[in-house]
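Listed below, chain by chain, are the residues.
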Amino acid sequence: QHYRQAIAIDQNFKDAYINLGNALKEIGHMDQAIQCYFAAIQIKPDFAEAYSNLASAYKDNGQLTEAVKFYRKALCIRPDFDDAFANLVHSLVFLCDWLTRDDDFEKLRTIIHKQLSGYTLAEIEQKNVQQQAKKAKRDNESIRNSCHKLPSVQPFHTLVYPISNKDILRISQKYADQAWLSAKVCELPIPLYSLMNTIQAILLCPHAPIAHNKSNKRIRIGYVSSDFGNHPLAHLTQSIFGMHDRQRFDIICYALSADDDSQWRRKIQAEVETFIDISKLTIRDSALTIRSHDVDILINLNGYTKGSRNEIFALQPAPIQVSYMGFCGTLGASYVQYIIADNTVIPKKANIYFSEYIIRLPHSYFVNDHAQSAKYMLEEEEDFAVKDVTRAKYGVPSSVTFIFANFNQLYKIDPDIFDVWCRILKRVEGSILWLLRFPPAGEENIRAEARKRGIDDKKQLHFTSISPKDEHIKRGALADLFLDTPQCNAHTTGCDILWGGCPMITILGNKMATRVAASLLNAVGAPELITKNYQHYENLAVDLATNKQKYIQIRTKIQNARLKNQLAPLWDTLRWVRNLEQAYESIWHRFLSNLEPDHIHVHDIGIHNLNRKAYKPYQQDLGPFGNLHPDQRQTSTYNILHSSQHIPSTNQFFVPTINSLYPPQACPQLYVPISSSSPALPAIQKPTLCYHQNSAYTLPSYLLPPQQLHELRAPTHLIHQANLYPPFVPTPQHHFLNTPGMLYPLANNQIIPSPTQIPRFFFIPASNFIHQYQ
C-alpha cells in the first residue's frame, strides 16, 4: 500500500515500481509484478535491476524462454551483474540449453569463489579469526557485514551444479548466517529454548495456538514444513506422523503453508496428534509458539527449498534441531545440530563437508509411503493393463523392443550422461528413450542434442507430459529400465519407479544428492544395479536390455521386494519409523546427560517386534466429519457420560459440565492461528438454542450461523448426540472435530465473550449441526 501511495505522489518513482513488483511477486501476483517491472523500464530503459527482476518473475511463472531473454538484456546493460548471470545459468540448465554450459560454469565458479572470500559467523567466533581481524585493523562489524553478502548461487541450485562439496558447504553457511542475522531483528534472546521459559513465550505471544499439556514421559517432536500438502515430501512422509509410538513420542506438525485441501494435507492432519498452521504467523510469533509448546526436538523438513523459514530455527526454540529430507545437503547452520542420513549418502569420509553431526539410519534414510498409499500396484498388477494405463495410451509404437526411461525433471540431465544414453540407444536395436516434457520448453533442446549425436529423435526419443501421482506410478511400470541421472539422482521418482517394479541403474557419485539412488537400491536389495563410472553404467544398461534371462531375474527381484512376506526395508515404513525413533531417543538422552552432540549410528530394529496393528490409517470420504478407519467405527476410547447419569425428560434442559466434554487425548487437533497483526475478531452472536427430537428425549443443541463458523479461534469440539440418551453409544473419535475454534467459552449455559475464560471450548452436537446446515 505504501508503494502505491509513493507512486501516486511521483509516477516516475522507478524504485517504488520495483519494490511494489517484488512485493507482488512474493505473494504470487506474477502478472501484476510483471506490469510493475515494465513500468520501471519505461521510466528508465537501461534499468538492469528491473530487467533482472522481470526475468525472475517470468522464471517463477514457468516462462523460462522469456526469462532467458530478459536476463540477457540485464547483462547487456551491466555485464558484471552476478545475480543476473547466476539466474541465467539456472534457467539455461532447466531448458537443457548446453551451448555455453562449460564456459558458464567456469565463470560461475569464479564468481562463487570471489563471493565466498568473506568470513562466516562460525569463523568470526573463533579466537584466531578475531586476532586476524584485529591485526588487519578490521573490526567485528566490518567482518559481519561480509556475511550479509549472499552468494549469487542458492544452496538448492548447487545440487545439480558441478560444484565441489567444499563450495557447497560454504554457500550453505553463508545462507545460514543470513537467516541468523535476519532472526536477530526479532529482538528475542538466542537460544530461545534456554533463555526463555514457556510461560514467558506465551505472555509475549498471547495469540499463539495452544497445544495440549506436555507429558514428561514422552519426547515432544515438532516437524516444520511448508510442504504438508500436494508435494513430493508429503507424498513420501504422509504416514510417518501417525505411525509414531504415542506412548513414547508426542508429535506436532507445524505447517508453514495454508491448507490446500489436498488428500495428503487431510491425511496428515487426521493422523498426527497435533497439527498447527503457523503460515500466517510472523517469524517471531512462530518461534514463540514453538517455544511455548516446549518442543524437545525440532525437525526442519524444508532446508533451503521453497517456502522455508530457517529464521525460526536460527532463534533456536528447541534444544535439539535436526535437518531431514527437504534439502539433500548440509544446512551449514551452527544452530542445527544433526542431519538424518545413512552410510551410503554420507559416508564417514564426507563428514567434513557437513556442519551437522550425522544420524545414520540403517538401509536408507529416504522414507516413502508407497506400501500404504500405492497398494493398487500390487492389487492390479496381475491384470496389468491397469485398465487404461498401457503403452499404447502414451503413444509408444508396438515395434519398440525395449524402453529406457527417465521421468526426472529435465534439468537433471547433463551432456555427459546424455552422451552415454545416446550410445546405449545405438547399441540396443529397437529401443527408445522415454522422457517427460518437464518443462515443455526443454524438449526441443534435447531433441537437437540427440540429433548432434547421431540419434533419430523422431524414432528413438519419446516425450509425454507430466501426470497425476497415481498415474505417474502406474506409468513407470511400463518402462523396462530406468536410467538415473548422475548429476542429481532420482529421489522421489526413484521410489516411484522401483515401486512400479521397474529396475533402475545409477552411478555412485561424490555428493549426497548423487548417492540417493544407490541408497534406494541398497535398501530394496539390488546393489548390483549401482555402477562405478559411465562405462560400467553403459555396459550394464546394454547387458540388461539384450540378456533377457538376466533382465527377468532382476525385474522379478525388484517386484518381489514389494510383497508382504518379502518386504524390503525400503518399503517398510513402520520399521523405518521405529528406527528413526531410536535416533530421537539417542540424541535426546545425550542432551539430558549434558553430552555434546555426536554422530549417531542406528541399528536396525528388525521386523519381529513390530506391532503393525498399532497404526490405523486415515480413510477418505467417510462423511462430513469422517476420517475414521473401520476399527474406530466399531469401538471407542471415550464416552462423555456414564449410563448411571440422569436422563432428562422432554421438558428439561440437559447441559453436561464442561469438564465432562473434553475430547479423548488421541483425537487429532487442528489449529488455525491468528497473528498479533490480524484484524479484530467480529462479534459472535449467542448461538441458537435448538432441540433434537428424533428420539424419546428432547436435547438442547447450540448452533452457530455457518458464516461465523469460519471466525472461530480456538478448538471447537463437535459432540455427537448419540451418547446423551440410551443406549449411550460411545462417541467415535472422528466426531470430535476441531474446527478453527473461538475465544468464547460456554459457562452456565451462556456464551461469555472473554478470551481469558478457561476452558476455551464450545460444544455443538454434530448431527444437529449437519441436519440444520448441511
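Conventions used here
- Residues numbered from 1 in each chain as written.
- Predicted model: local features only at pLDDT ≥ 70, side-chain atom pairs only at ≥ 80, totals over all residues.
- Heavy atoms only, no water.
- Helix = DSSP H or I, 4+ residues; strand = E, 2+ residues; numbered from the N terminus.
- Buried < 20%, exposed > 50% of the residue type's maximum accessible area, 1.4 Å probe, protein only.
- Contact = heavy atoms within 4.5 Å.
- Areas by Shrake-Rupley, 256 points an atom, 1.4 Å probe, with all protein chains shown as cover.
- Pairing = 2+ DSSP bridges.
- Patch = residues over 30% accessible without salt bridge, like charges linked within 9 Å, V, L, I, M, F, W, Y side chains within 5 Å.
- Salt bridge = Lys/Arg side-chain N within 4 Å of Asp/Glu carboxyl O.
- Lys, Arg positive; Asp, Glu negative; His and termini not counted.
- Polar contact = N/O pair within 3.5 Å; in protein donor to acceptor, adjacent residues only side chain to side chain.
- Expected span 1.5 Å × (residues − 1).
- Axes fitted to C-alpha atoms, helices over the stretch in contact; angles between N-to-C directions.
- Parallel < 35°, antiparallel > 145°, perpendicular 65-115°, else oblique.
- Left-handed = near helix turned anticlockwise from the far one by under 90°.
- Nonpolar A, V, L, I, M, F, W, Y, C, P; charged D, E, K, R; others polar.
- Phe/Tyr/Trp six-rings, centres within 6.5 Å; stacked < 30°, edge-to-face > 60°.

Help me out: how do you make sense of the overall build of the protein chain in this one?
Each helix and strand counted, the protein chain has 32 helices and 22 strands in total. Relative to its full complement of 774 residues, the protein chain shows a buried share of 57%. Considering only contacts within the protein chain whose residues lie at least 6 apart along the sequence, 70% involve residues at least 24 apart. When the accessible surface of the protein chain is summed, it comes to about 34,300 Å², and 50% of that surface belongs to carbon and sulfur atoms.

How should the pairing of strand β7 (residues 357-361) be read in this particular structure?
The side chains of a regular strand alternate, residue by residue, between the two faces of the sheet. Across the five residues that make up β7, a large majority, four, are buried. As paired elements, strand β6 (residues 338-342) and β7 share five bridges and run parallel to each other. Across the sheet, residue D342 finds its bridge partner in β7, namely L361. Relative to strand β14 (residues 600-601), β7 runs parallel, the two being bridged by two bridges. Residue R360 lies in a different strand from β14, and its bridge partner there is H601.

What should I look at first to understand the side chain of N53 in this one?
With respect to the helices and strands, N53 occurs in helix α4 (residues 48-60). What makes N53 buried here is its relative accessible area of 19%. In this structure, N53 is in contact with I18, N22 and Y37, ignoring residues within four places of it in sequence.

Honestly, a nonpolar patch on the surface in this entry has me stumped. Any pointers?
Residues I199, I202 and L203 make up a contiguous nonpolar surface patch of roughly 320 Å² in combined accessible area. A residue is classified by how much of its surface remains accessible, and L203, at 65% relative accessible area, is exposed.

Where do I start with unusual backbone geometry in this structure?
Negative phi is the rule for most residues except glycine; trans is the rule for most peptide bonds. Backbone torsion omega between I190 and P191 reads 5°, so that peptide bond is classified as cis. Within the element layout of this structure, P191 appears in the loop between α11 (165-183) and α12 (192-195). Of note, Q316 is a non-glycine position whose phi angle comes to about 55°, a positive value. Within the secondary structure, Q316 is located in the loop between α18 (310-314) and β5 (320-323). A relative accessible area of 16% places Q316 in the buried class.

How should the environment of L529 be read in this particular structure?
Checked against the element boundaries, L529 lands in the loop between α26 (516-524) and β13 (530-531). Separated by 26 residues in the primary sequence, L529 and P503 place their C-alpha atoms 8.1 Å from one another. For L529, the contacting residues outside a window of four places in its chain are P503, M504, I505, T506, L521, L540, L544, I554 and I558.

How should I be thinking about the environment of S399 in this particular structure?
As for its placement among the helices and strands, S399 is situated in the loop between α20 (376-380) and β8 (402-406). Judged by its relative accessible area of 60%, S399 is exposed. When the C-alpha positions of S399 and S431 are compared, they lie 9.2 Å apart, and in sequence the two are 32 residues distant.

So what exactly am I meant to see when it comes to the side chain of D227 here?
As for its position among the elements, D227 is in the loop between β1 (219-225) and α14 (232-237). Among buried charged residues, D227 stands out as having no salt bridge; its nearest opposite-charge side chain is R265, 8.9 Å away. Side-chain polar atoms of D227 contact the side chain of S226, separated by 3.2 Å. When sequence neighbours within four positions are dropped, the list of residues in contact with D227 reads L233, A234, S257, N302, T305 and K306.

Just to check I follow, could you spell out the environment of V322 for this structure?
Tracing the sequence through the fold places V322 in strand β5. With relative accessibility at 0%, the residue V322 sits in the buried group. Here the alpha-carbon distance between V322 and Y335, two residues 13 residues apart in the chain, equals 9.2 Å. Apart from residues no more than four positions distant in its own chain, V322 is found in contact with I297, L298, I299, N300, V336, Y338, I340 and I587.

What is the right way to read helix α27 (residues 534-546) from this model?
Residues lying three or four places apart along an α-helix face the same way, a consequence of the helix completing one turn every 3.6 residues. Helix length check: α27, at 13 residues, gives a terminal C-alpha distance of 18 Å against a target of 18 Å (1.5 Å per residue), a fit within 8%. All of the buried residues along α27 are Y537, E538, L540, A541, V542, L544 and A545. Against the buried residues of α27 lie β8, α21 (415-427), β11 (481-483), β12 (504-507), β13 and α28 (548-560). Its side-chain oxygen at 3.2 Å from the backbone nitrogen of Q535, N533 defines the N-terminal cap of α27.

I keep staring at the packing of helix α5 (residues 64-77) against helix α6 (residues 82-95) and nothing clicks. Help me out?
In a pair of packed helices, the angle between the axes and the distance between the axes together describe the arrangement. Packing of α5 against α6 leaves a shortest axis separation of 9 Å and a crossing angle of 150°. With respect to α6, the element α5 is oriented roughly antiparallel. At the point where α5 passes α6, the crossing takes the left-handed sense. Where α5 abuts α6, its residues L64, T65, A67, V68, Y71, R72, A74 and L75 lie against A84, F85, N87, L88, S91, L92, F94 and L95. Each residue belonging to the contact of α5 with α6 can be placed in one class, and the counts come to 12 nonpolar, three polar and one charged.

Would you mind going over the packing of aromatic side chains with me for this structure?
The geometry of an aromatic ring pair is captured by two quantities: the separation of the ring centres and the angle between the planes. For the coordinates displayed, the defined rule picks out 24 aromatic pairs. Aromatic pair F94 and Y411: ring centres 4.5 Å apart, planes at 25°, arrangement stacked. Placement of the pair is F94 in helix α6 and Y411 in the loop between β8 and α21, with a sequence separation of 317 residues. Their ring planes at 65° and their centres at 6.4 Å tell us that F418 and W421 sit as a pair that is edge-to-face. Here F418 and its partner W421 are both found in helix α21, three residues apart, which amounts to about one turn of the helix. Across the pair, exposure class does not vary: F418 and W421 are buried alike.

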